[in-house]
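Survey of secondary and tertiary structure
The primary structure of each chain is shown beneath.
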Amino acid sequence: ETKRYIIDDINLSIEQLRRKIEITEAASRLRAGDLVAFPTETVYGLGAVVTSEEAIARIFEAKGRPSDNPLIIHIGKKEQIYEWAQLVSKQAERLIDAFWPGPLTLVLPHRDHIAKNVTAGLPTVAIRMPAHPIALALLQETGIPVAAPSANRSGKPSPTSASHVWDDLQGRIDILLDGGRSGIGVESTVIDMTGEVPVLLRPGGITLAQLEGVVGKVETDPGLINDSQTPRSPGMKYRHYAPSGEMTIVSGNGEFLQDLVDQARAEGKKTGILTTSENVDKYRADVIIPCGDRKEPVTVAKHLYASLRQFDDRGVEVIFAESFPETGVFHSVMNRLRKAANGKIV
Ligand code: TXA
Ligand code: MG
């Protein structure tokens, strides 16, 4: 049975949050090897202490996650990175100073004592220090880093509210810390810092331009752009973030999108359109979901996963999504949409 604790006193300091009974209980349950879901500033995470191989194994089981997909370690204090990463370069330290706590995950060579199932046997480990007060309080109170993938069933859109976690994992995890909606709405940016030049493995909460502003040139993993190459971040190779309906991204104008919808409706399919507030009135379909405002890219990112889940809730069979420019915040939105659509873009 999963316990759900609501924590809604958002004005408390980290120190005050640490002393709340829900947090102290969750921290001691984590230390005992239990699974705790918690909000972060990106999406909800499903945590287990990094020191327990059995607890980590339960994460994979609860999510139905393939074992070749490694986890991100979450730390509550910057200096904990040195206990788990073998080598933290000057460049990596610059990124830490600029963006931690925050939505940036660094991939670094790991030390020997890390459990194999955290890293899926890779020579590297992914680490981040989240910015959400509940996450920070929980991590600091636990005292041990917490490995945490997004708290969804594998393949589903990541959870941006406690209800999403509840729908996916109720009965499979021990505690859900309900802190309302998470902030940014897409996951952290993952950057590989093991080579001469940093490599972007997953676009996310920190944009490429922000990264380059701190460390200069950042390469992009060819596997992110080119479907014929295997991504270096194992998680990026799966159809992911996906609603149950079949999704197509439509570049080009709204009339073309409407034609495709009309065609699907003529075939008797329940149709859905993912658009933005500016365009809702332009379309006809069974379900039309405005996902934020195109003029404010952060609002699109924030509502993306909840919108994808709504198509499922309403039994939509075919979904057509408007396309976005692949820059700035929209870069991560388009990356997730492509995954959700299994690369299908017309
Ligand atoms: O915002 C986030 O990062 C959220 C919150 C909960 O912190 N977490 C998250 O975890 O998105 P997850 O497991 O859904 O995604 C982790 C990504 C996967 O694509 C995984 O393959 C990649 O990070 N990753 C983990 N360790 C890696 C490594 N050593 N090398 C390359 N990629 C790695
Ligand atoms: Mg995930």
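Shown above is the structure to which this text applies.
Below is a short write-up of the structure. (Residues numbered from 1 in each chain as written. Chains lettered and ligands numbered in written order. Predicted model: local features only at pLDDT ≥ 70, side-chain atom pairs only at ≥ 80, totals over all residues. Heavy atoms only, no water.)

In the neighbourhood of ligand 1, 27 residues make up the surrounding shell, with Thr42, Asn69, His74, Ser188 and Gly235 lying closest. Contact distances for ligand 1 include 2.6 Å between an oxygen atom and a side-chain N or O atom of His74. Surface burial for ligand 1 is 98%, taken as the share of its 690 Å² of free accessible area covered by protein chains. Of all the elements in the fold, those that place two or more residues in the shell around ligand 1 are strand 4 (72-74), strand 6 (124-128) and strand 10 (199-202). (Near = heavy atom within 4 Å. Polar contact = N/O pair within 3.5 Å; in protein donor to acceptor, adjacent residues only side chain to side chain. Areas by Shrake-Rupley, 256 points an atom, 1.4 Å probe, with all protein chains shown as cover. Helix = DSSP H or I, 4+ residues; strand = E, 2+ residues; numbered from the N terminus.)

Quick look at the nonpolar core now. Within the largest apolar cluster, 74 residues are counted, with the highest numbers of intra-cluster contacts made by Leu106 and Leu337. Among the elements that make up this core, the one with the highest residue count is helix 12 (residues 297-313) (six residues). With residues near it in sequence (within four places) discarded, Leu106 still touches Ala92, Leu95, Ile96, Trp100, Val125, Ala126, Ile127, Ile191 and Met193. Counting residues in hydrophobic clusters, the runner-up holds 19 residues, among them Tyr5, Ile23, Ala135 and Leu177. (Core = buried A, V, L, I, M, F, W, Y, C linked by side-chain atoms within 4.5 Å. Buried < 20%, exposed > 50% of the residue type's maximum accessible area, 1.4 Å probe, protein only. Contact = heavy atoms within 4.5 Å.)

The buried fraction of strand 5 (residues 104-109) amounts to five of the six residues, a majority that puts the element mostly inside the structure. Where strand 5 meets strand 9 (residues 189-192), four bridges bridge the pair, whose relative direction is parallel. The residue bridging Thr105 from the neighbouring strand is Val190, located in strand 9. Here strand 5 runs beside strand 6; their pairing, made up of four bridges, is antiparallel. The residue of strand 6 that forms the bridge with Val107 is Ala126. (Pairing = 2+ DSSP bridges.)

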